[in-house]
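Reading the structure
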Amino acid sequence: MQIPFVDLKAQYVSIRSEVDAAIAAVISDTAFIGGNNKYVQKFEGEFAAYLGSKHCMSCANGTDSLEILLKAFGIGSGDEVIVPAHSWISTSEAVGNVGAKPVFVDTLEKYHTIDPGKIEEKITSSTKAIMPVHLYGLPAEMDEIMALAKKHNLIVIEDCAQAHGAEYKGKKIGTIGHAASFSFYPGKNLGAYGDAGAMVTNDDTIAAKARMIANHGQLKKHDHVIEGRNSRLDGIQAAVLSVKLKYLDQWNAARINNANYYLKLFSSSAIQLPQTPSYSKQVFHLFVISVNDREKLSIDLRSAGIETAIHYPMPLPLLKAYAHENYTPQQFPVAANTTAHILSIPMFPELNAAQMEHVVASIQKSV
Ligand SMILES: *Cc1c(COP(=O)(O)O)cnc(C)c1O
């Protein structure tokens with residue numbers, strides 16, 4: 001049995017006629033790119049409504065969206081932004097790329113999200129924002145983060161790239177902070193057929209600024225108020241996303257069902273399993289386990305026909321990109337330990353029971 005890590009083909013096949021028709025319509029309208037692209041505007045409206053957010057501003061990808069939001073809030077040179085020590089590099093890269101400094105905070109052992117108890121000690125007079133990441137589909141501890149932000153007058157930008165549709169205490173993630181960033185990279189819970197991203201906020205001023213930055217600094221056509229950039233969602237991606245958004249809740253429910261089946265099948269105490277607090281709806285972008293000997297397990301699983309991945313093998317501050325800061329693993333003990341032991345096993349809505357049984361049996365045989 002061969003079990004891929006994700007199966008985007010299975011998902012495409014299940015919606016083929018709708019997606020093919022949507023793409024064909026964009027082509028026949030030649031609505032590829034453009035300020036008033038109807039497919040882009042339609043998706044922005046639908047995604048804002050899905051989240052319950054006032055504004056959705058689409059852009060080229062989920063890294064641009066973080067950067068554009070930071071700029072829209074006026075964050076740049078001399079400023080500090082608090083980010084988790086364990087995430088995909090986009091989170092800290094966006095901070096560095098606007099000229100600010102990412103300040104890394106260790107993560108929670110149980111949930112892998114930023115440890116709210118370790119944020120305050122990193123706040124200085126230069127701190128402008130906190131960027132929690134809802135890693136693997138599990139919401140970060142937003143009540144504590146928002147309380148700290150309020151106390152210290154900080155902006156909160158949620159990195160929702162891995163958690164479309166997740167909820168924290170009944171609220172959709174992306175609607176709790178001052179603004180939020182989404183990626184529609186193909187493998188994400190809501191994925192386009194190429195690069196795509198979006199920002200959401202209830203703040204009219206930030207929405208207008210973000211839109212302007214993403215569109216060459218134009219307030220209106222040929223009225224370039226600032227130097228912006230070119231970061232656009234195109235018509236084809238927007239049309240694909242409109243089709244797929246209708247299925248997001250159903251696909252998330254299938255991921256949750258699969259996760260519950262995995263959790264039921266595992267019986268070995270040598271495997272640390274994902275945990276979800278009762279107040280959160282976790283949407284299992286990834287199913288990440290932790291074992292003592294990850295190398296051996298991944299090799300054994302490969303021989304059993306099972307693809308795995310590591311998200312991610314090193315804490316952000318220990319990457320070469322930050323070598324000039326001379327960070328040590330001792331400064332981020334939880335993230336350092338987590339990243340040495342985690343392994344992501346196959347997780348996608350179309351995964352079936354026999355596949356999951358084979359995955360779990362193979363893991364339990366190996367550890
Ligand atoms: C995927 C991802 C991003 C960036 O998304 P792109 O669309 O690939 O630029 C940002 N943050 C996190 C946590 C991600 O997983």
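For the structure given in this document, a descriptive report is provided here. None of the values given here were measured: they were computed from a predicted structure.

Within the protein, the regular secondary structure consists of 12 helices and 14 strands. On C-alpha atoms alone, the protein measures out to a radius of gyration of 21 Å, which is about the 21 Å that the 2.2 N^0.38 rule sets for 367 residues. Its C-alpha atoms give the protein principal-axis dimensions of roughly 65 × 55 × 35 Å. Contacts in the protein between residues far apart in sequence, at least 24 positions, make up 71% of those at least 6 positions apart. Split by element, the accessible area of the protein, about 15300 Å² in all, is 52% carbon and sulfur. In the protein, the 33 positive side-chain charges and the 36 negative ones have mean positions that sit 2 Å from each other.

Moving on to the state of the cysteines. In total, this model carries zero disulfides according to the counting rule given. Cys160 carries a free sulfur, and the closest cysteine sulfur to it, the one in Cys56, is 12 Å from it.

Note that an α-helix has 3.6 residues per turn; residues three or four places apart therefore point the same way. The buried fraction of helix H4 (residues 64–72) amounts to eight of the nine residues, a majority that puts the element mostly inside the structure. Those residues of H4 lying buried are Asp64, Ser65, Leu66, Glu67, Ile68, Leu69, Leu70 and Ala72. Positive phi shows up at Gly74, right after H4, with a value of about 80 degrees.

Taken together, 13 residues surround the ligand, and among them Gly62, Thr63, Asp159, Ser183 and Lys188 come closest. Here an oxygen atom of the ligand and a side-chain polar atom of Ser183 are 2.7 Å apart. Out of a free accessible area of 380 Å², the ligand has 92% covered by protein chains. In this structure the site holding the ligand corresponds to the second largest pocket. Per-class residue counts for the shell around the ligand are four nonpolar, seven polar and two charged.

The subject of this paragraph is the packing of helix H2 (residues 16–28) against helix H8 (residues 235–245). At a minimum axis distance of 9 Å, the contact between H2 and H8 shows a crossing angle of 150 degrees. With respect to H8, the element H2 is oriented roughly antiparallel. H8 is crossed by H2, and the crossing has right-handed handedness. Contacts from Glu18, Val19, Ala22, Ile23, Val26 and Ile27 of H2 reach H8 at Gly235, Ile236, Ala239, Val240 and Val243. Looking at the contact of H2 with H8 residue by residue, the class counts come to nine nonpolar, one polar and one charged.

Within the structure shown, the criterion is met by two cavities of 30 Å³ or more. Counted as a void, the largest cavity has a volume near 80 Å³. Of the pockets and cavities examined, the second largest cavity occupies roughly 70 Å³. What lines the second largest cavity is simply Val6, Asp7, Leu8, Gln11, Pro186, Gly187, Lys188, Asn189, Arg255, Phe348, Pro349 and Glu350. The residue makeup of the lining of the second largest cavity, split by class, is five nonpolar, three polar and four charged.

Attention shifts here to the packing of aromatic side chains. Summed over all chains, the structure comprises 16 aromatic pairs. Measuring from ring centre to ring centre gives 6.4 Å for Phe47 and Tyr50, while their planes differ by 10 degrees; the resulting arrangement is stacked. One end of the pair, Phe47, and the other, Tyr50, are both in helix H3 (residues 38–51), three residues apart, so they sit about a helical turn from each other. Each member of the pair, Phe47 as well as Tyr50, carries the same accessibility label: buried. Between the aromatic rings of Phe104 and Phe332, the centroid separation amounts to 6.5 Å while the plane-to-plane angle is 85 degrees, which identifies the pairing as edge-to-face. Here the residue Phe104 occupies a position in strand S3 (residues 101–105), and Phe332 occupies one in the loop between helix H10 (294–303) and helix H11 (333–341), the gap between them amounting to 228 residues. Owing to a relative accessible area of 2%, Phe104 belongs among the buried residues under this scheme.

Let us now look at the layout of surface pockets. Approximately 520 Å³ is the volume attributed to the second largest pocket. Together, 27 residues line the second largest pocket, and Trp88, Tyr185, Lys188, His285 and Tyr312 are the ones closest to its centre. Here the residues of the lining of the second largest pocket are counted per class, giving 13 nonpolar, 11 polar and three charged.

Before going further, it helps to examine the environment of Cys160. Within the secondary structure, Cys160 sits in the loop between strand S5 (155–159) and strand S6 (167–168). For Cys160 and Gln282, which are 122 residues apart along the polypeptide, the C-alpha to C-alpha distance reads 12 Å. Setting aside chain neighbours within four positions, we find Cys160 in contact with His134, Ile173, Gly174, Ala180, Ser181 and Phe182.

Read from one edge of the open sheet, three strands run S7-S6-S12, paired in antiparallel fashion. In this open sheet, the two edge strands, each paired with only one partner strand, are strand S7 (171–172) and strand S12 (280–281). Bridge analysis of S6 against S7 gives two bridges, and the strand direction is antiparallel. In the sheet register, Glu167 faces S7, and the bridge partner there is Lys172.

About the criteria used
Residues numbered from 1 in each chain as written. Predicted model: local features only at pLDDT ≥ 70, side-chain atom pairs only at ≥ 80, totals over all residues. Heavy atoms only, no water. Helix = DSSP H or I, 4+ residues; strand = E, 2+ residues; numbered from the N terminus. Rg over C-alpha atoms; globule rule 2.2 N^0.38 Å. Contact = heavy atoms within 4.5 Å. Areas by Shrake-Rupley, 256 points an atom, 1.4 Å probe, with all protein chains shown as cover. Lys, Arg positive; Asp, Glu negative; His and termini not counted. Charge placed at Lys NZ, Arg CZ, Asp CG, Glu CD. Disulfide = S-S within 2.5 Å. Buried < 20%, exposed > 50% of the residue type's maximum accessible area, 1.4 Å probe, protein only. Near = heavy atom within 4 Å. Polar contact = N/O pair within 3.5 Å; in protein donor to acceptor, adjacent residues only side chain to side chain. 1 Å grid on protein atoms, 1.4 Å probe; cavity = no way out; pocket = protein on both sides within 12 Å on 5 of 7 lines; lining within 4 Å. Sits in = over half its atoms within 2 Å of the grid points. Nonpolar A, V, L, I, M, F, W, Y, C, P; charged D, E, K, R; others polar. Axes fitted to C-alpha atoms, helices over the stretch in contact; angles between N-to-C directions. Parallel < 35°, antiparallel > 145°, perpendicular 65-115°, else oblique. Left-handed = near helix turned anticlockwise from the far one by under 90°. Points joined across faces, edges and corners; volume = space filled by probe spheres on them. Phe/Tyr/Trp six-rings, centres within 6.5 Å; stacked < 30°, edge-to-face > 60°. Pairing = 2+ DSSP bridges.

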